[in-house]
Amino acid sequence: LLIRVNKGAADRKGCWLTFGIYGDGEDNSEYDSKGIAWSVMTAGPGSSSPVIVGDKIFITCEDGCLQAINKRDGKKVWTRTLTYYDFATQEERNKTPSAFTELDPIAAKLRELDKTGIPAVAARAECENKLMKGMLKVDAEKYNWAAGWGCEAGFTAGNPVTDGKYVYVLYGTGITACFDLEGKLIWSRLLKHVSIEHGYTTSPLLIDGKLVIYTDDFNVLDAKTGKSLITKPHFVPNGGKFTNWYQHFHAGGVTLTAGKEKVLYYMNGEFVRLSDGKTLNLDKQKLNRLKPINWTEGAANRISTPLVENNICYKLTHNTGTVAAFTVPAISGSDINPDIKKEIVFNTDKFAYYYESFYDAAQLLHEGLLYCLNTFGTLTVLDVEKGTVLYQKQLDLEIHMPYSSAGTLKGGASAAPTLAGKYIYIFGNQGACLVLEPGRVYKQIAKLKIENVGVTWPGHQDTFMTNPIFEGERIYYRSEGALWCIGRK
């Protein structure tokens, strides 16, 4: 096989080429399964991590489903689904009765599927799609599907959060809701959602009885009632109007303590005072050093959620590397002056890439070492005290990384390196997991692999892009189409 590639003027970072060879095994192929206590097919695909409360695991599924699963044996406890149909008003029904004549039996079928607990992924997807499209006829602006434009992670990239009594969910459709542990809907809201490239992916934050959500608008809701406490337009660094073109961000926000105040920091360069939702003034030079998102900073990282340890925020500032570490002193009036302690410069240009370098995964900090994993499986380990690179390593995660592919959830490495016990676990999107010993040199202890082909569509390997959850001697992992319990039965 001889291939010649010519570099074109329009290429980003030179030449890139993707080709693949695919084959199907026999239907009755044998395989070994070890270390899996149980696995269960979910009600639909999804890309959110699970949360655990007591004996239940909670996961979200496309397009607006929440499932409670018994963590002991993987049996489904209950399923609840919200779609745009559930937000229809009586006025809308009166105005477009023919639309609801068609939609009412579809919604009833979906509720029946919730009751049975049977996965019925195709049937559920058909109902949800018909309801979504049908509600466009009712009000194309209010029930727009714009949040899904080019959304690789679907509508469930935001992780559910819990206070131990309630579970709060946010979907890329703009739907947010609160359920109790038995599946009772406490409240639900449909928030403003406009056309966002790659869709909404930011997880909600639950802080001091407030649910903080940053989709198009910045929203603070009363966690008990869902009542809006603060709503304000999207912040654009260096001024200007929000147009979405490299002004939106996909990482989660983090909380920092500034004197007696709690401050939220987001990857668009915004510092928000939690008490009143005010955007704090920041010196332009400091703002630019932290690499906000705008057109002139198209290479700035906007996907990897920052890490906070001992009130020090570690942020990947550039898609090819470089970490900034900063703290925030007490607020002076409406001004904030972050103290940038260190900038550790590194890049991954010498390693393979397929399109552009990106960092999706959050970082891991352990014993003074910061573990940074990019989308193409390159691990960079930093000594944060000395500000040096200890090593870089292309990991054997069996990455298949097409730039364009059918459906959602592409290849790569998206899950954060996770410490459990004395080892670090790193998952690739195709099911490979490396177990490493922490330290100043690379030491791989084991390589594991979960293969689950055909769960979402024939011939498709289940995708693994969420963060693993550890409890006791078990790992709970949510893949694209299933929930896994790894450990002793």
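Preceding this paragraph is the structure being described.
Only a predicted model underlies this, so the values are computations on that prediction, with no experimental measurement involved.

J.: Describe the pairing of strand S7 (residues 166-170), and please don't skip the residues or the numbers.
T.: Among the five residues that make up S7, four are buried, leaving the element largely enclosed by the rest of the structure. Hairpin connection from strand S6 (residues 161-162) to S7: three residues lie between these consecutive antiparallel strands, with Gly 164 at a positive phi of about 90°. Pairing geometry for S7 and strand S8 (residues 175-180), over five bridges, is antiparallel. Each bridged residue has a counterpart across the sheet, and for Tyr 168 the counterpart in S8 is Cys 178. Where S7 folds back on S8, the antiparallel hairpin that results is connected by four residues, among which Gly 174 adopts a positive phi of roughly 95°.

J.: How would you summarise the sheet that holds strand S15 (residues 261-265) if you had to cite specific residues and measurements?
T.: As summarised here, the arrangement of the three strands in space is S14-S15-S16, forming an open sheet in which the pairing is antiparallel. The sheet is open, and its two edges are formed by strand S14 (254-258) and strand S16 (271-273), each paired on a single side. For this sheet, the mean angle separating the axes of adjacent strands, direction not counted, is 35°. Note that S15 and S16 share three bridges and pair antiparallel. From the neighbouring strand, Tyr 265 faces S16, where its bridge partner is Phe 271.

J.: Tell me what's going on with the sheet that holds strand S13 (residues 228-232), and back it up with residues and numbers.
T.: Within the open sheet, the four strands sit side by side as S10-S11-S12-S13. Their pairing is antiparallel. Lying at the two open borders of the sheet, with one neighbouring strand each, are strand S10 (205-207) and S13. When the angles between neighbouring strand axes are averaged without regard to direction, this sheet yields 15°. Relative to strand S12 (residues 218-222), strand S11 (residues 210-214) is paired through five bridges, and the arrangement is antiparallel. What sits directly across from Lys 210, in S12, is Asp 222.

J.: Help me get a handle on empty space enclosed by the protein, residues and values and all.
T.: Enumeration according to the criterion identifies one cavity of 30 Å³ or more in this entry. One number sums up the size of the largest cavity: a volume of about 50 Å³. For the largest cavity, the full set of lining residues is Phe 155, Thr 156, Ala 157, Gly 158, Leu 170, Tyr 171, Gly 172, Tyr 200, Thr 201, Thr 202 and Thr 215. For the lining of the largest cavity, the per-class residue count stands at five nonpolar, six polar and no charged.

J.: I'd like to hear about the packing of aromatic side chains, residue by residue, with values.
T.: With the rule as written, the count across this model stands at 20 aromatic pairs. A centroid spacing of 5.0 Å and a plane angle of 50° characterise the contact between Tyr 425 and Phe 470, whose relative ring orientation is tilted. Of the two residues, Tyr 425 is situated in strand S28 (residues 423-427) and Phe 470 in strand S31 (residues 469-471); the sequence distance between them amounts to 45 residues. For the ring pair Phe 464 and Trp 484, a centre distance of 6.4 Å and an interplane angle of 35° mean the geometry is tilted. Within this pair, whereas Phe 464 is found in the loop between strand S30 (444-449) and S31, its partner Trp 484 is found in strand S33 (residues 482-486), the two being separated by 20 residues in sequence. Like Phe 464, the residue Trp 484 is buried in the burial classification. Each member of the aromatic cluster is reached from another via a ring pair, and the members are Tyr 214, Phe 218, Phe 249 and Tyr 266. Positioned above the aromatic ring of Phe 218, the side-chain terminus of Lys 232 is 5.1 Å from the ring centre.

J.: Requested: an account of unusual backbone geometry, with residues and values cited.
T.: With an omega dihedral of -10°, the bond running from Glu 62 to Asp 63 counts as a cis peptide bond. Position of Asp 63 relative to the elements: it lies in the loop between strand S3 (56-61) and strand S4 (65-70). Here Glu 367, not a glycine, exhibits a phi torsion of approximately 50°, which is positive. Turning to its location among the elements, Glu 367 is positioned in the loop between strand S23 (364-366) and strand S24 (369-373).

J.: Go over the nonpolar core with me, naming the residues and quoting the values.
T.: Among soluble globular proteins, nonpolar side chains are generally buried collectively. Judged by nonpolar contacts, the single largest core of 31 residues is most densely connected at Phe 58, Leu 66, Tyr 85, Leu 131, Met 135, Val 169 and Phe 179. Of all the secondary-structure elements, those providing two or more residues to this core are strand S2 (51-53), S4, helix H2 (97-116), helix H3 (121-138), S7 and S8. In terms of residues, this core owes the most to one element, H2, which gives seven residues. In contact with Leu 66, other than residues within four places in its own chain, are Phe 58, Ile 59, Thr 60, Trp 78, Thr 79, Arg 80, Val 167, Val 169, Tyr 171 and Phe 179. Within the second largest apolar cluster, 17 residues are counted, among which are Val 263, Tyr 265, Leu 282 and Cys 313.

J.: So what about H2? Which residues, and what values?
T.: With 20 residues, H2 extends 29 Å from end C-alpha to end C-alpha; this agrees with the ideal 28 Å at 1.5 Å per step. Along its length, H2 shows its largest kink, about 30°, at Leu 103, and proline Pro 105 lies within four residues downstream of that point. The set of residues buried in H2 consists of Ala 99, Phe 100, Leu 103, Ile 106, Ala 107, Leu 110, Leu 113 and Asp 114. At its buried positions, H2 is contacted by strand S5 (76-81), helix H1 (90-95) and H3. Just past H2, the residue Gly 117 takes up positive phi, approximately 80°.

J.: Help me get a handle on the pattern of salt bridges, residues and values and all.
T.: This model, assessed by the stated rule, comprises 22 salt bridges. In this structure, Arg 440 and Asp 383 form a salt bridge, with 3.1 Å as the shortest nitrogen-oxygen distance. Of this pair, Arg 440 sits in the loop between strand S29 (432-436) and S30 while Asp 383 sits in strand S25 (residues 378-383), placing them 57 residues apart in sequence. With relative accessibility at 5%, the residue Asp 383 sits in the buried group. A salt bridge links Glu 398 to Lys 447; the nearest nitrogen and oxygen atoms lie 2.8 Å apart. Here Lys 447 lies in strand S30 and Glu 398 lies in the loop between strand S26 (388-394) and strand S27 (418-420), a separation of 49 residues in the sequence.

Cut-offs used in this document
- Residues numbered from 1 in each chain as written.
- Predicted model: local features only at pLDDT ≥ 70, side-chain atom pairs only at ≥ 80, totals over all residues.
- Heavy atoms only, no water.
- Buried < 20%, exposed > 50% of the residue type's maximum accessible area, 1.4 Å probe, protein only.
- Helix = DSSP H or I, 4+ residues; strand = E, 2+ residues; numbered from the N terminus.
- Pairing = 2+ DSSP bridges.
- Axes fitted to C-alpha atoms, helices over the stretch in contact; angles between N-to-C directions.
- 1 Å grid on protein atoms, 1.4 Å probe; cavity = no way out; pocket = protein on both sides within 12 Å on 5 of 7 lines; lining within 4 Å.
- Points joined across faces, edges and corners; volume = space filled by probe spheres on them.
- Nonpolar A, V, L, I, M, F, W, Y, C, P; charged D, E, K, R; others polar.
- Phe/Tyr/Trp six-rings, centres within 6.5 Å; stacked < 30°, edge-to-face > 60°.
- Lys NZ or Arg CZ within 6 Å of the ring centre and 35° of its normal.
- Core = buried A, V, L, I, M, F, W, Y, C linked by side-chain atoms within 4.5 Å.
- Contact = heavy atoms within 4.5 Å.
- Expected span 1.5 Å × (residues − 1).
- Bend = angle between axes of the 7 residues up to and from the residue.
- Salt bridge = Lys/Arg side-chain N within 4 Å of Asp/Glu carboxyl O.

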